[in-house]
Structure formats: C-alpha cells, structure tokens
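Single-letter residue listing:
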Amino acid sequence: MRFDILTLFPEMFPGYTGQSILNKSIERGLVEVHVHNMRDWAKGRHHKIDDTPYGGGPGMILMVEPVVNCVRDVQAMGDQPGTVIVTTPQGQRLNQPMVEELALNQRMILLCGRYEGFDQRVIDILQPLEISIGDYILNGGEVASMVLVDSLVRMVPGVLGDERSSWDDSFSRGNRMLEYPQYTRPRNFEGHHVPDVLLGGNHGEVERWRNAKSLENTKKKRSDLLDS
Ligand code: ADE
C-alpha cells in the first residue's frame, strides 16, 4: 500500500512514520509513505501557496494552480495514479467499514488542507474523496491524514504480527462490540486482583467470560452500538 501525503508541513510526519508498526511495515516493504511539500509547486521567489478569498472574509485560501500541479506530478510518480483523498471536516465521517473499503486501494494521495481550506476548483477538478475524522475542527488535515494511514496500514496483510489482531478488532467486519478487559502480571496489584477465571486454564470458560465482558462493556460505554 502506497501513500503520498501532500502538505505544507512535511516536518510533522517523520516522527510518526519513524516509529512502531508503521516504521516496521515500511522497512519490510509492505507500506510506502512519501511526503511532499506542496509549497515546492508554488511559483515565484516566495513560493506563494495561499491568497485572500475573493468576496472578502477571514483567513487564507490554498491556491488552485500549485495544488493541482502538485497532485498531477505526484500521481505521475507512481505506476498508477491512485485515489485522491482530501482530509476535511466537510468530508464523510471515517468509520471502520470505510477503512476496510479504502484498504482495497493500492495507492492513495492524501491532500492535507490548512488555513480556511482549498480553492473550490481543487475539489471540482480533482474530484477527491473528502474524509473527516470527526465533527470537530483541527488546525489542518495532517493529523487526520495520520489517523487515516494508521487505520489503513492495519489492513495490509502481514503488517500486524498476528493476523487475528485486526480481524478481532472492535468495529471490524461489522463487529459491533467493544473489547473485553485484559490483564498481565502481577496477579495482585495493591489488592486489585486478576479475575480467577483467567488463571484457571479453562479455555471454554475464559471465552464465555470474555464474551460476557464484551457485552457488558458495550452496554455500559457504547449502548448505541447495540441499537443498530
Ligand atoms: N481538517 C480539519 N479538521 C478536520 C477533521 N475533523 N477531519 C479531517 N480533516 C480535518
């Protein structure tokens, strides 16, 4: 799976891509992440990428020409143009079924918005998928792009050591249950004990207990999941 991230703040990404599961997946050749500075496509001595809105109003708008040129050039850098995605609070709200569908794409180009957004012609010309990570406003699309990448790489075969880890996830394949509680050593911490059933070695009992706890957890914390 290949990601091309188009941003005005490329320095935000190495810390994220350089760690943990994503870093290992990149090293193993399962995932590619290429970060591009959209400003490199802006013309003139000052590489101006934004301007004031026609009609007036606050903030700055990302200009159509450098952004569209950037996307087209980046598309040409791969063996397929890929799916263009804009992270924006105006987009369809991300959930696990969407993640599973998006994971069918081999290549995605993620456009991170800033300021008051893109010139509308960026959207009209490129016809990207518009995706929001929730009903709140971030300072820009970078963190939302990381969220998207993070959720998608889990779907790439081989990325998670144990294939069941994503298979079992809450919300995956229509799963509408939260996880059961987990424990590790020590058995007793300040009088808080690990439930006996987990120490007894009876796999059937453990599974029944976990299913019951999953249901209890879901009822208590996210009863809306059980309604649908
Ligand atoms: N950019 C700013 N806010 C956002 C959000 N909630 N989701 C995706 N991109 C964003």
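All of these numbers come straight from a predicted model, not from anything done at the bench. (Residues numbered from 1 in each chain as written. Predicted model: local features only at pLDDT ≥ 70, side-chain atom pairs only at ≥ 80, totals over all residues. Heavy atoms only, no water.)

Caption draft 1: The arrangement of the overall build of the protein chain in detail. The number of helices and strands found in the protein chain is 9 helices and 9 strands. On C-alpha atoms alone, the protein chain measures out to a radius of gyration of 22 Å, which is more than a quarter above the 17 Å that the 2.2 N^0.38 rule sets for 228 residues. Roughly 13,800 Å² of accessible area belongs to the protein chain as shown, and the carbon and sulfur atoms make up 50% of that amount. Between the centroid of the 25 positive side chains of the protein chain and the centroid of its 31 negative side chains there is a distance of 4 Å. (Helix = DSSP H or I, 4+ residues; strand = E, 2+ residues; numbered from the N terminus. Rg over C-alpha atoms; globule rule 2.2 N^0.38 Å. Areas by Shrake-Rupley, 256 points an atom, 1.4 Å probe, with all protein chains shown as cover. Lys, Arg positive; Asp, Glu negative; His and termini not counted. Charge placed at Lys NZ, Arg CZ, Asp CG, Glu CD.)

Caption draft 2: Geometry of unusual backbone geometry. Residues Arg-185 and Pro-186 are joined by a peptide bond in cis, for which omega reads 5°. When you line up the elements, Pro-186 lands in the loop between α7 (164-167) and β8 (188-189). A positive phi is found at Ser-20, a non-glycine position, where the angle reads about 60°. Counting through the fold element by element, Ser-20 comes out in helix α2 (residues 20-27). Backbone geometry places Tyr-115, a non-glycine residue, at a positive phi of 55°. Of note, Tyr-115 is situated in the loop between β6 (107-112) and α5 (120-126). Among the residues examined, Tyr-115 registers a relative accessible area of 39% and is labelled partly exposed. (Buried < 20%, exposed > 50% of the residue type's maximum accessible area, 1.4 Å probe, protein only.)

Caption draft 3: Structural context of the domain arrangement of the protein chain. For the protein chain, the assigned domains read domain 1 (2-153) and domain 2 (176-227). The gap between the C-alpha centroids of domain 1 and domain 2 is 39 Å. (Domains from an automatic or database assignment.)

Caption draft 4: Geometry of helix α3 (residues 64-75). With 12 residues, α3 extends 16 Å from end C-alpha to end C-alpha; this agrees with the ideal 16 Å at 1.5 Å per step. Residues of α3 that are buried: Val-64, Pro-66, Val-67, Val-68, Cys-70, Val-71, Val-74 and Gln-75. On its buried face, α3 is in contact with β1 (2-7), β2 (32-37), β4 (61-62), β5 (83-93), β6 and α5. (Expected span 1.5 Å × (residues − 1). Contact = heavy atoms within 4.5 Å.)

Caption draft 5: Representation of helix α8 (residues 203-221) in the model. The end-to-end C-alpha separation of α8 is 26 Å, in line with the 27 Å expected for 19 residues at 1.5 Å each. Among the residues making up α8, those that are buried are Val-206, Trp-209, Ser-214, Asn-217 and Thr-218. Considered in projection along α8, the buried side chains sweep an arc of 165° and stay on one side of the axis. Exposed positions of α8 whose direction lies more than 90 degrees from the buried face are Arg-208 and Lys-219. Residues of α8 that are buried sit in contact with α9 (223-227). (Arc of directions from axis to C-beta.)

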